[in-house]
Amino acid sequence: MGYRVLTGEIAHETNTFSVVPTTMEHFRRRVFLTANEIPARRLGTRSEFGATFEAAEKYGWTLIHPVAASANPSGTITSETFETLAGLLLAGADGGIDGALLHLHGAMVTENYQDGEGEILRRLREKVGPDVPIVVTLDLHGNITEQMAACANALIAVRTYPHVDYYERAWQGADLLQRAMAGEIKPRTVIAKRPMLRGLNGGRTQIGPMRELIERGAALEQEGRALVVSVCSGFTAADIHDIGPSVTVTTDGADPTGQAIAEEFMDYAWKTRDYLSVSNHTIEDAVRHARDGEGKHERPLVMADVTDNPGSGHYGDSTNLLRAMIAADLQNTAFYAIFDPAAVQAAIAIGIGNSGTITMGGKHDPSAGGGPLTVTAQIVTLSDGKFQTFGPMGGGVWRDYGPSALLRVGGIEIALITNNGQAVDTAQLTSLGCDPTRKNTVAVKSNHHFRAAFEPLSREVITVNGGALGAMILRDAPYKNVRRPIWPLDPLA
Ligand SMILES: [Zn+2]
């Protein structure tokens, strides 16, 4: 008789500075699947669920999978939405379970709970008692808390940014859970933090302290000194008490080694807190650089506006960069994207091949990244926005950006989308008939995830300060709830 295992996904990275509250509608637009809809969409993919279904097969588990829900990062989650999702997941434990393997994010904030994941885990722990193992996979951008560490047996964060190892981490969690359910091990997790708002190079794993600590953690796992070492850089666009980088260490039983490792790692994170491997260009510099390169190269310059990154809960409709690109009359250029459902409808009304006037973007907060932009455009493509991911991050999972259009304004092809999302996959452009590999310049809205798919095809990558919501948070630091003192808001030795 196999173990009864509860699995499920509730994932959201909450930007508490966004004016857009997150509701069930936001989850429905990205991922909201229940019960048997989940294997239908996830079996055979290189996703967390893909791994979990395979592990259930291998270990003979009876898998209970009530819900898979993830929304594009956006504002605080409404209480009603949180209760709906948490209720669905927790009801999965009603018939009794032997263990749980949950796929969460770690930076979810709701109207009532600054620590959304901690609250889910607290309720689950209360329901199943102290002896049922709970293993959780996380994003390394989670703001991890004492409550999460106390209520779960193991926390396993991804080790890549761009995140391309969800599948591997879910397998690691599955193997650990199996050993725990069989009574071979009794995993316990401890956490260390420092008074840091940010650090660890924003989680970038190519170079610097984040990479060093992840490699050291993996080595400790190999040597058997810890079951899991997870390094999280945190998420800065969250006005919560427990913001910031963390290290969690899972050992077999309560073992002081775990806390010692976590503290030593965080000492290093504190010492290297200033380290940053990227610096942003101004819009003027970026556009000039793009124009200077025209006709000289076979591969595109990829430039990313990191201040209007829908992947960090920014609005995705900032127009500053696009306005400057049009003014400079850039040629053979692609732009992804302006999130504006009404503008898509205007494009549909104009029709493929026709030209017309469209006003797009700048609608959420014109003071953050520029107001609405009016252009005369030709409609090149219209699409329902559904396609299978191609690049390393998507795992072959289908995505849905809603009704979408490709416009041509001079030498620039502009994607308009109905469901907000950052540029992470070349299929976001190719599904609209735009081949990024043949462009001189490809502009995207993304902080770092775009690199997985777009850096290999580029001649050069630069990041741009487009003056949108991300720039405002950095400049104004409008935090009220973070614990104080904290670096870099307060002077700390
Ligand atoms: Zn992340």
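Definitions and limits used
Residues numbered from 1 in each chain as written. Predicted model: local features only at pLDDT ≥ 70, side-chain atom pairs only at ≥ 80, totals over all residues. Heavy atoms only, no water. Helix = DSSP H or I, 4+ residues; strand = E, 2+ residues; numbered from the N terminus. Buried < 20%, exposed > 50% of the residue type's maximum accessible area, 1.4 Å probe, protein only. Contact = heavy atoms within 4.5 Å. Polar contact = N/O pair within 3.5 Å; in protein donor to acceptor, adjacent residues only side chain to side chain. Donors = N, O, S within 2.8 Å, 3.2 Å for Na, K, Ca; no water. Expected span 1.5 Å × (residues − 1). Pairing = 2+ DSSP bridges. Axes fitted to C-alpha atoms, helices over the stretch in contact; angles between N-to-C directions. Disulfide = S-S within 2.5 Å. Arc of directions from axis to C-beta. Phe/Tyr/Trp six-rings, centres within 6.5 Å; stacked < 30°, edge-to-face > 60°. Lys NZ or Arg CZ within 6 Å of the ring centre and 35° of its normal.

Asker: I keep staring at the environment of Asp165 and nothing clicks. Help me out?
Answerer: Relative to the helices and strands, Asp165 is located in the loop between strand S7 (154-157) and helix H7 (166-181). With relative accessibility at 6%, the residue Asp165 sits in the buried group. C-alpha of Asp165 to C-alpha of Gly2: the two residues are 163 residues apart in sequence and 27 Å apart in space. When neighbours within four sequence positions are excluded, Asp165 is seen to be in contact with Val158, Arg159 and Thr160. There is a polar contact of 2.6 Å between the side chain of Asp165 and the side chain of Arg169.

Asker: Would you mind going over the coordination of the zinc ion with me for this structure?
Answerer: Ideal geometry at a metal centre gives angles of 109.5 degrees when four donors are arranged tetrahedrally and 90 or 180 degrees when six donors are arranged octahedrally. Only Asp139 (OD), Asp139 (OD), His141 (ND1) and His163 (NE2) from the protein coordinate the zinc ion, and they sit 2.1 to 2.5 Å from it. Spacing between the donor residues of the zinc ion along the chain follows D-x1-H-x21-H.

Asker: What's the story with the side chain of Thr418 in this structure? I'm lost.
Answerer: Note on placement: Thr418 falls in the loop between strand S19 (412-417) and helix H13 (427-430). The contact partners of Thr418, leaving out residues within four places of it in the chain, are Phe339, Pro341, Val344, Tyr401, Gly402 and Pro403.

Asker: Help me understand H7, please; the structure alone is not making it clear to me.
Answerer: Side chains that are three or four residues apart share a direction in an α-helix, a result of its 3.6 residues per turn. Look at H7: 22 Å from first C-alpha to last across 16 residues, which is about the 22 Å you get at 1.5 Å a residue. Across the 16 residues that make up H7, a large majority, twelve, are buried. Of the residues making up H7, those classed as buried are Tyr167, Arg169, Ala170, Trp171, Gln172, Gly173, Ala174, Leu176, Leu177, Gln178, Ala180 and Met181. Gly183 lies just past H7 and shows a positive phi near 85°.

Asker: It is not clear to me how the sheet that holds strand S10 (residues 246-252) should be interpreted in this structure. Could you clarify?
Answerer: Backbone-to-backbone hydrogen bonds pair the strands of a sheet. The strands run either parallel or antiparallel. Spatial ordering of the open sheet is given by S8-S10-S9, a layout of three strands whose pairing is antiparallel. Every other strand in the sheet has two partners, leaving strand S8 (187-193) and strand S9 (228-232) as the edge strands with one partner each. Looking at each pair of strands side by side, their axes are set apart by 15° on average, direction ignored. When S8 meets S10, the two strands line up antiparallel, connected through seven bridges. By the bridge assignment, Lys193 is partnered in S10 with Ser246.

Asker: Looking at this structure, I do not really get unusual backbone geometry. What am I missing?
Answerer: Note: most residues except glycine have negative phi, and most peptide bonds are trans. Note the cis peptide between Tyr336 and Ala337, where omega equals 5°. Here Ala337 is to be found in strand S13 (residues 333-339). Residue Arg484 is joined to Pro485 through a cis peptide bond whose omega torsion reads -5°. As for its position among the elements, Pro485 is in the segment after helix H15 (469-476). In the Ramachandran plot, Asn332 falls in the positive-phi region, its phi being about 45° despite a non-glycine side chain. Within the secondary structure layout, Asn332 lies in the loop between helix H11 (320-327) and S13. Residue class for Asn332 comes out partly exposed when judged on its relative accessible area of 35%. For Ala477, which is not a glycine, the phi torsion comes out positive at approximately 40°. Tracing the backbone through its elements, the reader meets Ala477 in the segment after H15. Classification of Ala477 as partly exposed rests on a relative accessible area of 27%.

Asker: Teacher, can you tell me more about the state of the cysteines here?
Answerer: In a disulfide, the sulfur atoms of two cysteines are held together by a covalent bond. One pass over the full model with this rule turns up zero disulfides. Of all cysteine sulfurs in the structure, the one in Cys232 sits closest to Cys151, which takes part in no disulfide; the separation is 16 Å.

Asker: Please explain H11 as it appears in this structure.
Answerer: Taken as a whole, H11 has its buried residues at Leu321, Leu322 and Met325. The buried residues of H11 occupy one face: seen down the axis, they fall within an arc of 95°. Where H11 ends, the next residue or the one after it, Asp329, has phi of about 55°, a positive value.

Asker: I keep staring at the packing of aromatic side chains and nothing clicks. Help me out?
Answerer: Scanning all chains against the criterion turns up five aromatic pairs. Judged by centre distance (5.8 Å) and plane angle (25°), the ring pair of Phe49 and Phe53 falls under stacked. With Phe49 and Phe53 both in helix H3 (residues 48-59), this residue pair falls four residues apart, about one helical turn. Just as Phe49 is buried, Phe53 falls in that class too. The positively charged end of Arg198 is found above the aromatic ring belonging to Trp487, 5.6 Å away from the centroid. Stacked on the ring of Trp270, the Lys or Arg Arg273 has its end atom at 3.8 Å from the ring centre.

On their own, these measurements won't tell you what the molecule is for.
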